[in-house]
Structures are given as C-alpha cells and as structure tokens.
Amino acid sequence: MKTVYVFGAGASAAEGAPVLRDFIKIAYQFFKEEDYNAELDIVWEFLENFYDTKMDLSCVEDLKIFPGLEEIFNIVDWSLLQNQAFSIRFPRPRLHELKTALVKLISMTLDKSLPSYNGRHQSFVSGVVRGGEEVPTFISLNYDIVLDNAIRATGYLPEYGFYGSHRDHLDCGRGIPLYKLHGSLNWSYCPLCGEISEHNEKVAHLLFKDKLTITCLNCGSDHSQAIIIAPTLYKSYDFNRLQNIWDCAATSIALCDRLVFIGYSLAPADTSIIATVKRALNMVNKRREIVVINPSEKACQRYQQIFGAGCRIQCHKFTGELI
Ligand SMILES: [Zn+2]
C-alpha cells in the first residue's frame, strides 16, 4: 500500500517547536531580552509604530495585543505587491528590509528552540520504514529538519525531489522521498546558477549574516540565499526546483492509497496546498483512505469540509505511534 504522510506545524510542535502565533513573542525573549540581536530591531520598530500612537515595547507581555506573525507578513506582502508604503516610517524599501528580517526571525527562532533529539519523529519514521512493504513518501510544510534527521537515523537519505519525477524517487534505493513545499533550514538557493544546495545541517539562519557566506555546491558562488517560503496569503514559489518538488508531491498524492495528515490545520489561507491536494486526488480516480491526526476539533472539522465525511479522524496530538 502506497502511503503519503503530510506533516504540518503540529507535528514539530509535539517535539517542542514553537507554533506560528507564538513566534514573535519567543523571538522577542530570545533576541531582545536574553541575547540581543540588532538584526531584528526593524521588527520591534515596526510593531512600536503599528498603531496611531507610538507604543514602547519593554517586555514580552507588551506583545500580547499584536496580531500574529502570519498577519504581519500578509500586511507587509500586500503593501509590497500593491506598490504601496505602510507609513512615512515604513516606505517600500524598509518593507523589503522588514520582510527579510521576519524570515530571519523564523529561521533564528527555530534554530534556537528545537530540541536536538526528536523522539516522536524518530520512532514514527523507523516504525514506518521497518513495517511497510513499500517506500513511504513524506511531504512536509515545516522548515525545520526534524523529519529529515529522523529519515537519516533509519540509514536512508531524504530525497528532496529537486530533479526528476516521483516515480524515479521511489525506485532510487537509498532515498526516501521528502518533499518540503515551503523550503528548508538546510537548503541554500544560488541566484546565479538557480540550484538549491542541500546541507546536512541548518544553514538558513547563517545566510543572513553579512560576514558569513555559504558556497553554492554547484557553481561555487558565495551569494546563496535561504529558501523559506514565508507564511503569507501571497506566497511566491518562483524557484524552478521548488516547482519540481510541488509536482512530485502532487504525483505522490495522486498515486497513493492512503493519505495521512499529521498536525496540519488545513487553514483556509493555505489555498495553494488545498488546491494542489484536491487536484492531485482528482488526477487518478481511485479509492483512497484519508486519515487525520490533529488535536484540534476545529481542524478536524475542516478536513470533512474539504475532503468529505469519509475521512478517518483521530483527534489527538502526534505521539509517534504508528497510524
Ligand atoms: Zn550556484
């Protein structure tokens, strides 16, 4: 039986990763209070000037009133897309700078907050790999490398799908397909040759530092960028290799017999994911089992809205036990 596992933020949260709505608060504690980092000052300045009256941020409690990271991203992106400024203090060039700082905030916060041992993922992946007759496919919407490490711990390598088709990846022997639709902390993108380099360790948080360069493994250029597709309504996927990853993910869903969603909330704003999964399911006409592991009743209801009453819902956290 061909199974595709789709991992969302809730799976990483079960290992201790922060959820999106808490990112700003956690980043403030890490990089303003504990270990001050001037590179994120523009984020705090934007928040202090978000309302009509300037507000002084003096502790993490002051951040309670603000919208979450996702909404801040949407506002910044919308202004940039519409060619508009946000305020006198935040004209377009500063909004670009702010957007870079927000991506930086995500990669730095994840780098600092994830525990190095991720037991649930490891026991789950090793159980799936040992127990199944067919190679499983993983799709992840997370930037962290928890699932990647769990695959490596089984003796296999993650096959990210930058090239080739999903069928090639299933047959490649030592690799297990892991399609990361929003990028990854261990990837760097080279704007000169257009290739993505994969690294064993996280590099995204380093790519923003002026003095540190990550060399492109393909052409040797020193100007690589992070691939972190920001959590906004106006996501842009304009990297060729990323398009291949999305195509492979769609094919894997079209061919599967069982589609398992773990810790993914299926938020209405995730139109690109929902449309891709629906299209993939419509590509090949077959009966598939859809299984949902999610502790939120509201999220579980969303699955029935989108995939119908036939989904098998398990309303609990990701524990690492086999499904
Ligand atoms: Zn290059």
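Presented here is an overview of the structure given in this document. (Residues numbered from 1 in each chain as written. Predicted model: local features only at pLDDT ≥ 70, side-chain atom pairs only at ≥ 80, totals over all residues.)

### Description of the overall build of the protein chain
When helices and strands are counted, the protein chain shows 11 helices and 10 strands. Considering only C-alpha atoms, the protein chain reaches an extent of 60 × 50 × 40 Å along its principal axes. In the protein chain, buried positions account for 38% of the 323 residues. Sequence separation of at least 24 residues holds for 72% of the intrachain contacts in the protein chain that already meet a minimum separation of 6. (Helix = DSSP H or I, 4+ residues; strand = E, 2+ residues; numbered from the N terminus. Buried ≥ 20, exposed ≤ 12 C-beta atoms within 10 Å, placed from the backbone. Contact = placed C-beta atoms within 7 Å.)

### A closer look at the nonpolar core
Within the largest apolar cluster, 80 residues are counted, with the highest numbers of intra-cluster contacts made by Val6, Phe7, Leu102, Leu105, Ile106 and Ile262. At 9 residues, the largest contribution of residues to this core is made by helix H5 (residues 92–113). In this view, Ile106 contacts Phe23, Tyr143 and Ile228; residues no more than four positions away in its chain are not counted. (Core = buried A, V, L, I, M, F, W, Y, C linked by C-beta atoms within 7 Å.)

### Some details on the sheet that holds strand S2 (residues 137–140)
Pairing within the open sheet is parallel, and its 7 strands lie in the order S3-S4-S2-S1-S8-S9-S10. Two strands bound the open sheet, and with one partner strand each, they are strand S3 (157–159) and strand S10 (312–314). When strand polarity is set aside, the average angle formed by the axes of neighbouring strands in this sheet is 25°. Of the pairings in the sheet, the one linking strand S1 (residues 3–7) to S2 comprises 4 bridges and is parallel in character. Residue pairing for S2: Val6 is matched across the bridge by Ile139. Against the sheet, helix H7 (residues 146–153) makes contact with S1, S2, S3 and strand S4 (175–180), and its axis sits at roughly 180° relative to S4, the strand it touches most. (Pairing = 2+ DSSP bridges. Axes fitted to C-alpha atoms, helices over the stretch in contact; angles between N-to-C directions.)

### A word on the packing of helix H9 (residues 240–255) against helix H10 (residues 271–283)
Here H9 crosses H10 at 50°, and the two axes come no closer than 7 Å. With respect to their mutual orientation, H9 and H10 come out oblique. Seen from above, H9 lies across H10 with right-handed handedness. Side by side, H9 and H10 meet where Trp246, Ala250, Ile253 and Ala254 of the first sit next to Thr276, Val277, Arg279, Ala280, Leu281 and Met283 of the second. Classifying every residue of the contact of H9 with H10 gives 8 nonpolar, 1 polar and 1 charged. (Parallel < 35°, antiparallel > 145°, perpendicular 65-115°, else oblique. Left-handed = near helix turned anticlockwise from the far one by under 90°. Nonpolar A, V, L, I, M, F, W, Y, C, P; charged D, E, K, R; others polar.)

### A closer look at the packing of helix H4 (residues 69–81) against H5
Here H4 crosses H5 at 150°, and the two axes come no closer than 10 Å. Handedness of the crossing formed by H4 with H5: left-handed. Mapping the contact onto sequence places Leu69, Ile72, Phe73, Val76, Ser79 and Leu80 in H4 and Arg92, Leu95, His96, Leu98, Lys99 and Leu102 in H5. A class-by-class count of the residues in the contact of H4 with H5 yields 8 nonpolar, 2 polar and 2 charged.

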